[in-house]
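# A look at the structure
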Amino acid sequence: SPHSPHSPLPLIPDRGSLSSPPPLTSRLCMNTSDKMMAERLESLKAGILAALCLLSAFGITSLINSLVLAKYFPALRSLGVELLNLQFLVSGAIATFSGLLFGVTYRYIIRQDQNTQLKDGGVLAFGLVRGLAQIDVGFACSGDVLPFVVMTFEGVLWFKIAAIALDAAIQRGWLKPYWVKAVN
């Protein structure tokens, strides 16, 4: 036995009976891991909110395109879509996924800044990348660019709506902005 029955304290403590805190490096890793998980959850919330915004905006603009623009403006007839067919569902899924990516990215773009150029730049970057690709395809396939220009403006509008929703959620405390530690 490491101690005699007459000594008040054992010479070698029994590790199973002590509840010592984990080593400092383990606590730091757990703390960092918890922070990373919290950041990921906030990013997921931002992505889901933006995805829902883009899906809603997609549905509304599709209705407007089909019921108004395609009906009353012959040059925009190609904007009319059959609602709830495969093309409509795929386009809606793409819009939703684009919204998810935008929400996650927008949260990192704006961080703690109140810089409107960063916010608008993120909206324009996503909207124009989506829209300019559509113009390119439209020009190559049909030569009629006007409907695709309209779709480009729609895309920018969709992302602006999502940005407004994300900013409002952050202001209300429903969503936390990405926190950047200041570097000395």
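In what follows, the structure referred to is the one given above.
Summary of the structure given here. This is a predicted model, so every value here is computed, not measured.

With that out of the way, let us pick up a nonpolar patch on the surface. Together, I60, L63, I64, L67, V68, Y72, F73, L83, L84 and L89 line one region of the surface with nonpolar side chains, adding up to about 1,000 Å² of accessible area. Residue contributions to the nonpolar patch peak at six residues, all from helix α1 (residues 24-72). Secondary-structure assignment places L63 in helix α1.

Relative to the helices and strands, S43 resides in helix α1. Not counting chain neighbours up to four residues away, the residues in contact with S43 comprise V104, R107 and Y108.

A few words on the packing of helix α2 (residues 86-110) against helix α4 (residues 146-172). Across the interface, α2 lies against α4 with an axial gap of 10 Å and an inter-helix angle of 50 degrees. The pairing of α2 with α4 is recorded here as oblique in orientation. Read as a crossing pair, α2 and α4 show a hand that is right-handed. For the pair formed by α2 and α4, the contact residues are A95, S98, F102, G103, Y106 and I110 on the first element and W158, F159, A162, A163, L166, D167 and I170 on the second. Looking at side-chain class alone, the contact of α2 with α4 contains ten nonpolar, two polar and one charged residues.

Glancing now at the nonpolar core. F102, Y106, V123, W158, A162 and L166 are the most contacted members of the largest nonpolar core, which has 20 residues in total. For this core, the secondary structure elements donating two or more residues are α1, α2 and α4. Of all the elements, α4 adds the most residues to this core, at seven residues. Setting aside chain neighbours within four positions, we find W158 in contact with L54, A57, F58, T61, A95 and R130.

About the thresholds
Residues numbered from 1 in each chain as written. Predicted model: local features only at pLDDT ≥ 70, side-chain atom pairs only at ≥ 80, totals over all residues. Heavy atoms only, no water. Patch = residues over 30% accessible without salt bridge, like charges linked within 9 Å, V, L, I, M, F, W, Y side chains within 5 Å. Areas by Shrake-Rupley, 256 points an atom, 1.4 Å probe, with all protein chains shown as cover. Salt bridge = Lys/Arg side-chain N within 4 Å of Asp/Glu carboxyl O. Helix = DSSP H or I, 4+ residues; strand = E, 2+ residues; numbered from the N terminus. Contact = heavy atoms within 4.5 Å. Axes fitted to C-alpha atoms, helices over the stretch in contact; angles between N-to-C directions. Parallel < 35°, antiparallel > 145°, perpendicular 65-115°, else oblique. Left-handed = near helix turned anticlockwise from the far one by under 90°. Nonpolar A, V, L, I, M, F, W, Y, C, P; charged D, E, K, R; others polar. Core = buried A, V, L, I, M, F, W, Y, C linked by side-chain atoms within 4.5 Å. Buried < 20%, exposed > 50% of the residue type's maximum accessible area, 1.4 Å probe, protein only.

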